[in-house]
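# Summary of structural features
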Amino acid sequence: MKVVVTRKLPDSILHQLREEHEVMMWKHENEVMPRDLLLEEVKDADALLTNLTDDINVELYEHAPNLKVVSTMAVGYDNIDIEEARKRGIKVGHTPGVLTDATADLTFALILACGRGLVGAMDVIRKDEWKSWGPFYLTGPEVSGATIGIIGMGRIGEAVAKRAAGFSMNILYHNRSRKKEAEATLGATYVSMEELLQKSDYVVLLAPSTPETNKMIGREQFDQMKKTAIFINTSRGTNVDEEALYDVLSNQQIYAAGLDVFEQEPISANHPLMSLSNVTALPHIGSAAIDTRMKMAQMAADHIVEGLAGRNLSHEVKRKG
Ligand code: NAP
């Protein structure tokens, strides 16, 4: 059977797939497979190994009458029309769990970078402006002992809470459902969205991108945050109203933001948020640790082997959201 792989992956990952199937792999690791080529190649494909930059929608399904498995190298699957896949009997796999720690690490890196102003502090040296130690020179808010509010206390949210506990932070969280086990093991407190926004020094967004979470943090939510609040988003850019975020950062209604994700990716250096010194921005590298990416790629390849053998996928997306 034919498998289309939309990014260049290491040979060691594709070994079993190649033994059992015909593999067409896009030649570039860091370049999106052109849409025209993808639509041409899926015409006779049985499976697709994809990632968050490919739009897996009705148009693609229409071009791929034989498609049986879509396997994404990501935990988020907002770029895949799950309902349409289900109607067509196409199994969809994703990679939960293996990227949890790496993404939590990166989230915490943004918390520390924003709180302690690491990027701006390094710029001082680069610009040769470091003249002396000063009692309040380049001081920022505390991280240890501060209150963190996690919106979306799932796998990654809990891993962030675990790290926060190590920093003696007061942990608040909000989900649609309570997680009593996390409350007991991590000392986290379940609060309403309003209470979380009002009390948190660090507001961390880790909910998936769904129709319900679209722009869930906007003007109304920023208005409830402290003037000293730091907003961290390592979930998806579509969960935030970027115009409102720009406004509250530029008029210093909140203190700073740490962003790994954006509404339209990639962003350019001309993006309005890049003009603000209280923004720390990263190019969607939440899970970008080598072992993690190898595990994600292997898991995604394994799902195709499973699906094409007529077995259930180890990590199948069953529903949207
Ligand atoms: P997860 O285990 O499914 O956790 C998501 C959490 O969000 C759940 O606890 C869920 O709880 C909560 N949630 C869902 N809808 C919500 C809503 N409307 N309001 C409040 N909370 C809501 O997923 P995960 O593995 O932790 O991953 C979370 C997200 O992180 C992914 O979907 C992905 O978009 C993003 N991510 C980003 C990167 C990166 O590179 N930056 C890497 C990995 C993942 P309830 O169902 O109880 O509400």
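Thresholds, definitions, all that
Residues numbered from 1 in each chain as written. Predicted model: local features only at pLDDT ≥ 70, side-chain atom pairs only at ≥ 80, totals over all residues. Heavy atoms only, no water. 1 Å grid on protein atoms, 1.4 Å probe; cavity = no way out; pocket = protein on both sides within 12 Å on 5 of 7 lines; lining within 4 Å. Points joined across faces, edges and corners; volume = space filled by probe spheres on them. Nonpolar A, V, L, I, M, F, W, Y, C, P; charged D, E, K, R; others polar. Axes fitted to C-alpha atoms, helices over the stretch in contact; angles between N-to-C directions. Helix = DSSP H or I, 4+ residues; strand = E, 2+ residues; numbered from the N terminus. Parallel < 35°, antiparallel > 145°, perpendicular 65-115°, else oblique. Contact = heavy atoms within 4.5 Å. UniProt positions renumbered as here; feature names shortened; annotations may be inferred. Pairing = 2+ DSSP bridges.

Bringing empty space enclosed by the protein into the picture now. It is a probe the size of a water molecule, rolled over the atoms, that shows where empty space is left. Evaluated as defined, the whole model comprises 1 cavity of 30 Å³ or more. In this structure, the largest cavity spans a volume of roughly 40 Å³. What lines the largest cavity is Asn-233, Gly-237, Val-240, Glu-242, Leu-245, Leu-259, Val-261, Phe-262 and Leu-273. When the residues that make up the lining of the largest cavity are grouped by side-chain class, the tally is 6 nonpolar, 2 polar and 1 charged.

In the contact formed by helix H1 (residues 11-20) and helix H12 (residues 290-308), the axes pass within 8 Å of each other and the chain directions differ by 10°. Comparing the axis directions of H1 and H12 gives the class roughly parallel. Counted together, Ser-12, Ile-13, Gln-16, Leu-17 and Glu-20 of H1 and Met-294, Ala-297, Gln-298, Ala-301, Ile-304 and Val-305 of H12 form the full contact between these two elements. Among the residues forming the contact of H1 with H12, the class breakdown is 7 nonpolar, 3 polar and 1 charged.

Attention shifts here to the UniProt feature "domain: D-isomer specific 2-hydroxyacid dehydrogenase NAD-binding" (unreviewed entry) in the chain. Within this structure's numbering, the places UniProt gives as "domain: D-isomer specific 2-hydroxyacid dehydrogenase NAD-binding" (unreviewed entry) are residues 108-286. Between the end C-alpha atoms of residues 108-286 there is a gap of 10 Å, over a span that is 32% helix and 15% strand.

Let us look at the sheet that holds strand S7 (residues 170-174). Reading across the sheet, the 7 strands line up as S8-S7-S6-S9-S10-S11-S12 and stay open at both edges, with parallel pairing between neighbours. On the outer flanks of this sheet lie strand S8 (189-190) and strand S12 (279-281), each paired with one strand and no other. With 4 bridges joining them, strand S10 (residues 230-233) and strand S11 (residues 256-259) adopt parallel strand pairing. Bridging from a neighbouring strand, Ile-230 pairs with Ala-256 of S11. Against the sheet, helix H5 (residues 100-115) contacts strand S6 (147-151), strand S9 (202-205), S10, S11 and S12, and its axis sits at roughly 155° relative to S10.

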